[in-house]
Amino acid sequence: MTDCTRRDVLAGTGALVGAGLVGGPLLARPVRAAEETDLTEWFAKTDGADAVVDATGEDEVVVKVGSPGNGGDFGFSPVAVRVDPGVTVTWEWTGAGGSHNVVAEDGSFESEYYSEAGATFSTEAPVAGVVPYACAPHSAMGMRGALVVGDAAVALPGGSGGENGPADGASDDGDAEKPSFDGWLDRTDNYDGVADRRGESEVTVEVGAMGNGGEFAFEPAAIRVDPGTTVVWEWVGTAGAYDVVDDELGYASERVRGTDHEFALAFDGDGLSKYECTTYGDRGMRGVVFVGEGPVDTLTPTGVAAVAGTTGLLAAVGAAGLRLHLRTSSQYDPNADR
């Protein structure tokens, strides 16, 4: 794989942190102090990234590839590890989670893709510094790690940079900004907060984006839009047949396999639509459209309407008679982010 291909893959999966494609390596940039590397953005979606495991003093350090995490077997264990300069670091594949690789963000090392248990890849730790790395195809899901060399200081999600032994759980930092909508998005691992798309007349949501153990996500998972906004769901995944269904509101797309399909609705009034893919909803493939001021006490007379004229638009069932069911959502204050 060439450097160009590797960087293109990582960019496509959200693995590159910040700018800096020209003029130097793509290392996560320190923002708190010159001597500290801030990994909070790098590990924002990574389970178990709330501590650095101290492996200093060891001649060889082993990191498991395909450990449980991030919606499946899509983790490194340990996620972040402190090692001595020059020590040999070996990644060992568990055989779980499909095909993985290990590629440094700065391009200093890159393994082949392996899926079989027992496969290994080794490299020598640099003299000093921090090296973020990822599995290229699963980076956007949170399959990321970091080598922390010597006494380099790091900041991690939750404000932690200490050595606390093996990190077993995900950080819950930011949960106040991530309402679950009465548990609807509890199992949606690509959900990282409500995307504010007010002011836009048309908003696109990808269907079959990476998340929930494969191409089983709506991206963004939750959006807030103005009344009258057209939401267009665009099929991008190829892992299965997807649909977009809100049983309570009564709208549904066709169930379609493959890309180049779209389904669109215009939402009027103030309300909340909680939808899912009926095939993969139990895996976390769910979404939310939060309209205007959100749930109120009365129904809007306009409701939801199908939009015509979109290329590849799928028919909505009974669109003319739909009404936006306005629900109570005790976990979200629509004025909190104004």
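Residues numbered from 1 in each chain as written. Predicted model: local features only at pLDDT ≥ 70, side-chain atom pairs only at ≥ 80, totals over all residues. Heavy atoms only, no water.

Looking up the protein chain in an unreviewed UniProt entry gives the name Halocyanin domain-containing protein, with the organism given as Halogeometricum salsisoli.

Secondary structure summary: the protein chain contains one helix and 24 strands in total. Counting all 338 residues of the protein chain, 49% fall into the buried class. Contacts in the protein chain between residues far apart in sequence, at least 24 positions, make up 70% of those at least 6 positions apart. Carbon and sulfur atoms provide 46% of the accessible area of the protein chain, an area that totals close to 14,500 Å². (Helix = DSSP H or I, 4+ residues; strand = E, 2+ residues; numbered from the N terminus. Buried < 20%, exposed > 50% of the residue type's maximum accessible area, 1.4 Å probe, protein only. Contact = heavy atoms within 4.5 Å. Areas by Shrake-Rupley, 256 points an atom, 1.4 Å probe, with all protein chains shown as cover.)

Read across the sheet, five strands follow the order β2-β5-β10-β9-β7 without closing on themselves; strand pairing throughout is mixed. Sheet topology places β2 (53–54) and β7 (103–104) at the edges, where each strand pairs with a single neighbour. Bridge count between strand β9 (residues 129–134) and strand β10 (residues 144–149): six bridges; the pairing is antiparallel. The residue of β10 that forms the bridge with Val131 is Leu147. (Pairing = 2+ DSSP bridges.)

In this section: the side chain of Thr46. Relative to the assigned elements, Thr46 resides in the loop between β1 (36–38) and β2. On the accessibility criterion, Thr46 (6% relative accessible area) is buried. Side-chain polar atoms of Thr46 contact the backbone oxygen of Gly142, separated by 2.9 Å. Setting aside residues up to four positions removed in sequence, Thr46 forms contacts with Asn70, Val79, Gly142 and Arg144. (Polar contact = N/O pair within 3.5 Å; in protein donor to acceptor, adjacent residues only side chain to side chain.)

Below, the discussion takes up the pattern of salt bridges. Counted by the stated rule, this structure contains five salt bridges. Between Asp196 and Arg198 there is a salt bridge, and its shortest N-O distance comes to 2.6 Å. On the basis of relative accessibility, which here comes to 39%, the residue Asp196 falls in the partly exposed class. The class for Arg198 is partly exposed, based on a relative accessible area of 23%. In this structure, the salt-bridge partner of Arg286 is Glu276, at a minimum N-O distance of 3.5 Å. One end of the pair, Arg286, is in strand β23 (residues 286–291); the other, Glu276, is in strand β22 (residues 271–276), and ten residues separate them in sequence. A residue is classified by how much of its surface remains accessible, and Glu276, at 17% relative accessible area, is buried. (Salt bridge = Lys/Arg side-chain N within 4 Å of Asp/Glu carboxyl O.)

Turning to the nonpolar core, a few remarks are in order. Of all hydrophobic cores here, the largest spans 25 residues; its most connected members are Phe76, Trp91 and Phe109. Counting residues per element, the ones that place at least two in this core are β3 (60–69), β4 (72–77), β5 (80–83), β6 (88–93), β9 and β10. In contact with Trp91, other than residues within four places in its own chain, are Val63, Val65, Phe76, Val102, Phe109, Ala119, Thr120, Phe121, Thr123, Tyr133 and Leu147. Core analysis: the next-biggest nonpolar cluster, separate from the first, contains 24 residues, Leu249, Tyr280, Val289 and Val291 among them. (Core = buried A, V, L, I, M, F, W, Y, C linked by side-chain atoms within 4.5 Å.)

Bringing a negative patch on the surface into the picture now. Together, Asp54, Glu58, Asp59 and Glu60 give the surface a local cluster of negative charge. Position of Glu58 relative to the elements: it lies in the loop between β2 and β3. Glu58 gets classed as partly exposed once you look at its relative accessible area, which sits at 40%. (Patch = residues over 30% accessible without salt bridge, like charges linked within 9 Å, V, L, I, M, F, W, Y side chains within 5 Å. Lys, Arg positive; Asp, Glu negative; His and termini not counted. Charge placed at Lys NZ, Arg CZ, Asp CG, Glu CD.)

In this fold, Ala136 is placed in the loop between β9 and β10. We classify Ala136 as buried; its relative accessible area is 3%. Sequence separation of Ala136 and Glu105 is 31 residues, and the distance between their C-alpha atoms is 9.8 Å.

This part covers the packing of aromatic side chains. Evaluated as defined, the whole model comprises 17 aromatic pairs. When the ring of Trp93 is compared with that of Tyr114, the centres are 5.0 Å apart and the planes differ by 80°; the resulting orientation is edge-to-face. Linking Trp93 in strand β6 with Tyr114 in the loop between β7 and β8 (120–124), this pair joins segments that are 21 residues apart in sequence. A relative accessible area of 23% means that Tyr114 is categorised as partly exposed. Ring centres 6.4 Å apart and planes at 65° place the aromatic pair Trp233 and Phe267 in the edge-to-face group. Of this pair, Trp233 sits in strand β16 (residues 230–235) while Phe267 sits in strand β21 (residues 262–267); the two residues are 34 residues apart in sequence, bridging distant segments of the chain. There is no split in this pair, since Trp233 and Phe267 are both buried. Of the aromatic side chains, those joined through ring pairs into one cluster are Phe218, Trp233, Tyr251, Phe263, Phe267 and Tyr275. Against the face of Trp42 rests Arg144, its NZ or CZ located 4.3 Å from the ring centre. (Phe/Tyr/Trp six-rings, centres within 6.5 Å; stacked < 30°, edge-to-face > 60°. Lys NZ or Arg CZ within 6 Å of the ring centre and 35° of its normal.)

Attention now goes to unusual backbone geometry. Residue Pro78 is bonded to the preceding Ser77 through a cis peptide linkage, with omega at 0°. By the element assignment, Pro78 lies in the loop between β4 and β5. Residues Glu219 and Pro220 are joined by a peptide bond in cis, for which omega reads 0°. Residue placement: Pro220 occurs in the loop between β14 (217–219) and β15 (222–225). A positive phi angle, near 55°, is found at Asp182, a position not held by glycine. Tracing the backbone through its elements, the reader meets Asp182 in the loop between β11 (153–155) and β12 (195–196). Of note in this structure, Asn212 is not a glycine but carries a positive phi near 60°. Positionally, Asn212 belongs in the loop between β13 (202–209) and β14. Taking the relative accessible area as the measure of exposure, Asn212 reaches 3% and is therefore buried.

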